[in-house]
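Spelled out, the chains give:
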Amino acid sequence: MKTRVWAHRGASAYAPENTLEAFELAWEMEADGVELDVQMSKDGELIVLHDETLERTTDGKGFAKDYTLKELKQLRAGGGRPHYEAARIPTLKEVLTLLEPSDMEVNIELKTGIFFYPGIEERVMELVRKLKMEDRIWYSSFNHASLRKIKERRADARTGILYADGWLGVPEYARRLGMDALHPALYNLQYPGFVQEARERGLRLHVWTVNERVYMDKLIEAGIDAIITNYPDTAQKAVRAYKSTHA
């Protein structure tokens, strides 16, 4: 199976992360999917934003959860980049509506590690259902309790556990929770036998954040299911190069 390319927060090497502009550019670069982050505003709207705080990616201050959607929409999210002065924090509905005409997969990361955002899992799933995009969605989170809620609500929802360093026995743990995939940081693939164990347990591997061509080539050679990258154009070139030499 071809390694798929998922644009990390959109084509974030070229456009402001988690903006409509970044997701549209990922589509233009022929990414197979996108990865995005979902939180909730003060008035319960689903917003696409990575950090719990606003300072790094917008001209706002404080926690996003303390602002209404109307207030958040007034913030600039272009990061001072030329040509992106109009970029704003999008809602999840806006992003999904933008991408619906494409055939791209969408990896929705539930940002519930610090603030639990009561009801966010149900709200996200209901929106996906209304847009009839269930078969194109993956759910991931560092808060595995959120993923368990997803599975309890819909057993066939596709879920992948996010984690960073220091974990052992992750494939067995993921299977015990009924998960479908692992979303490890790139460096976790160094553990002996890890990739083989994940495959033996029927788990897909979606690896983040892979920005250097040398690692892209290694993951494609290893048959990793998806590369999550800020450079979807470079990753697609790597996939095509591998395909041309292994036809």
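Structure report, in brief. Only a predicted model underlies this, so the values are computations on that prediction, with no experimental measurement involved.

### A word on the nonpolar core
Reasoning step 1: Judged by nonpolar contacts, the single largest core of 61 residues is most densely connected at Val34, Leu36, Leu92, Ile108, Val124, Tyr139 and Leu182.
Reasoning step 2: Contact partners of tyrosine 139, with chain neighbours within four places excluded, come to Asn107, Ile108, Val124, Met125, Val128, Leu147, Ile150, Ala157, Arg158, Thr159 and Gly160.
Reasoning step 3: The next biggest cluster of nonpolar side chains, apart from the first, holds nine residues, and it includes Leu69, Leu72, Ala77 and Ile89.

### Comments concerning the pairing of strand E2 (residues 33–40)
In summary, the side chains of a regular strand alternate between the two faces of the sheet.
Reasoning step 1: The element E2 is largely enclosed, with a buried count of eight among its eight residues.
Reasoning step 2: By the alternation rule, side chains of E2 split into Gly33, Glu35, Asp37 and Gln39 and Val34, Leu36, Val38 and Met40, which are all buried.
Reasoning step 3: For strand E1 (residues 4–8) and E2, the ladder comprises three bridges, and the chain directions are parallel. The residue bridging tryptophan 6 from the neighbouring strand is glycine 33, located in E2.

### A short note on the environment of tyrosine 215
Reasoning step 1: Within the fold, tyrosine 215 resides in helix H8 (residues 213–221).
Reasoning step 2: Along the backbone, tyrosine 215 and isoleucine 227 are twelve residues apart, and their C-alpha atoms lie at a distance of 9.8 Å.
Reasoning step 3: Once residues within four sequence positions are removed from consideration, tyrosine 215 is found in contact with Leu186 and Val210.

### Quick notes on unusual backbone geometry
Glycine aside, a negative phi is what most residues show, and trans is what most peptide bonds show.
Reasoning step 1: Of note, asparagine 18 is a non-glycine position whose phi angle comes to about 60 degrees, a positive value.
Reasoning step 2: Of note, asparagine 18 is situated in the loop between E1 and helix H1 (20–28).
Reasoning step 3: According to the relative accessible area criterion, asparagine 18 is buried, its value standing at 3%.
Reasoning step 4: Positive phi values are uncommon outside glycine, yet histidine 83 reaches one of about 75 degrees.
Reasoning step 5: In this fold, histidine 83 is placed in the loop between helix H2 (69–72) and helix H3 (92–99).

### A look at the packing of helix H4 (residues 120–130) against helix H5 (residues 144–153)
Pairs of packed helices are described in terms of their axes, by the angle between the two and the distance that separates them.
Reasoning step 1: It is the contact of H4 with H5, at a shortest axis distance of 9 Å, that shows an interaxial angle of 50 degrees. Taken together, the axes of H4 and H5 lie oblique to each other. As H4 packs across H5, the resulting crossing turns out to be right-handed. Counted together, Glu121, Glu122, Met125 and Glu126 of H4 and Ser146, Lys149, Ile150 and Arg153 of H5 form the full contact between these two elements.
Reasoning step 2: Here the contact of H4 with H5 is built from residues that sort into two nonpolar, one polar and five charged.

### Notes on empty space enclosed by the protein
Reasoning step 1: Taken as a whole, this structure holds one cavity of 30 Å³ or more when the rule is applied.
Reasoning step 2: Approximately 50 Å³ is the volume found for the largest cavity.
Reasoning step 3: Lining the largest cavity are Glu17, Asn18, Thr19, Val48, Leu49, His50, Thr57, Ala77, Ile89 and Pro90.
Reasoning step 4: Residue composition of the lining of the largest cavity, by class: five nonpolar, four polar and one charged.

### Here's the deal with the pattern of salt bridges
Reasoning step 1: Enumeration over the complete set of coordinates arrives at 18 salt bridges.
Reasoning step 2: Where lysine 65 meets aspartate 66, a salt bridge forms, and the shortest distance between an N and an O atom there is 3.1 Å.
Reasoning step 3: The exposure class of aspartate 66 is partly exposed, given its relative accessible area of 39%.
Reasoning step 4: Aspartate 217 is the partner of arginine 213 in a salt bridge, and the nearest nitrogen-oxygen pair spans 2.8 Å. Remark: aspartate 217 and arginine 213 occur in helix H8; sequence separation between them is four residues, near one turn of the helix.

### Section: the side chain of asparagine 18
Reasoning step 1: At 3.0 Å, the side chain of asparagine 18 forms a polar contact with the side chain of aspartate 37.
Reasoning step 2: Apart from the residues lying within four places of it in its own chain, the contact partners of asparagine 18 are Arg9, Phe23, Glu35, Leu36, Asp37, Val48, Leu49, His50 and Pro90.

Rules behind the numbers
- Residues numbered from 1 in each chain as written.
- Predicted model: local features only at pLDDT ≥ 70, side-chain atom pairs only at ≥ 80, totals over all residues.
- Heavy atoms only, no water.
- Core = buried A, V, L, I, M, F, W, Y, C linked by side-chain atoms within 4.5 Å.
- Buried < 20%, exposed > 50% of the residue type's maximum accessible area, 1.4 Å probe, protein only.
- Contact = heavy atoms within 4.5 Å.
- Helix = DSSP H or I, 4+ residues; strand = E, 2+ residues; numbered from the N terminus.
- Pairing = 2+ DSSP bridges.
- Axes fitted to C-alpha atoms, helices over the stretch in contact; angles between N-to-C directions.
- Parallel < 35°, antiparallel > 145°, perpendicular 65-115°, else oblique.
- Left-handed = near helix turned anticlockwise from the far one by under 90°.
- Nonpolar A, V, L, I, M, F, W, Y, C, P; charged D, E, K, R; others polar.
- 1 Å grid on protein atoms, 1.4 Å probe; cavity = no way out; pocket = protein on both sides within 12 Å on 5 of 7 lines; lining within 4 Å.
- Points joined across faces, edges and corners; volume = space filled by probe spheres on them.
- Salt bridge = Lys/Arg side-chain N within 4 Å of Asp/Glu carboxyl O.
- Polar contact = N/O pair within 3.5 Å; in protein donor to acceptor, adjacent residues only side chain to side chain.

These figures come from the coordinates and say nothing about function on their own.
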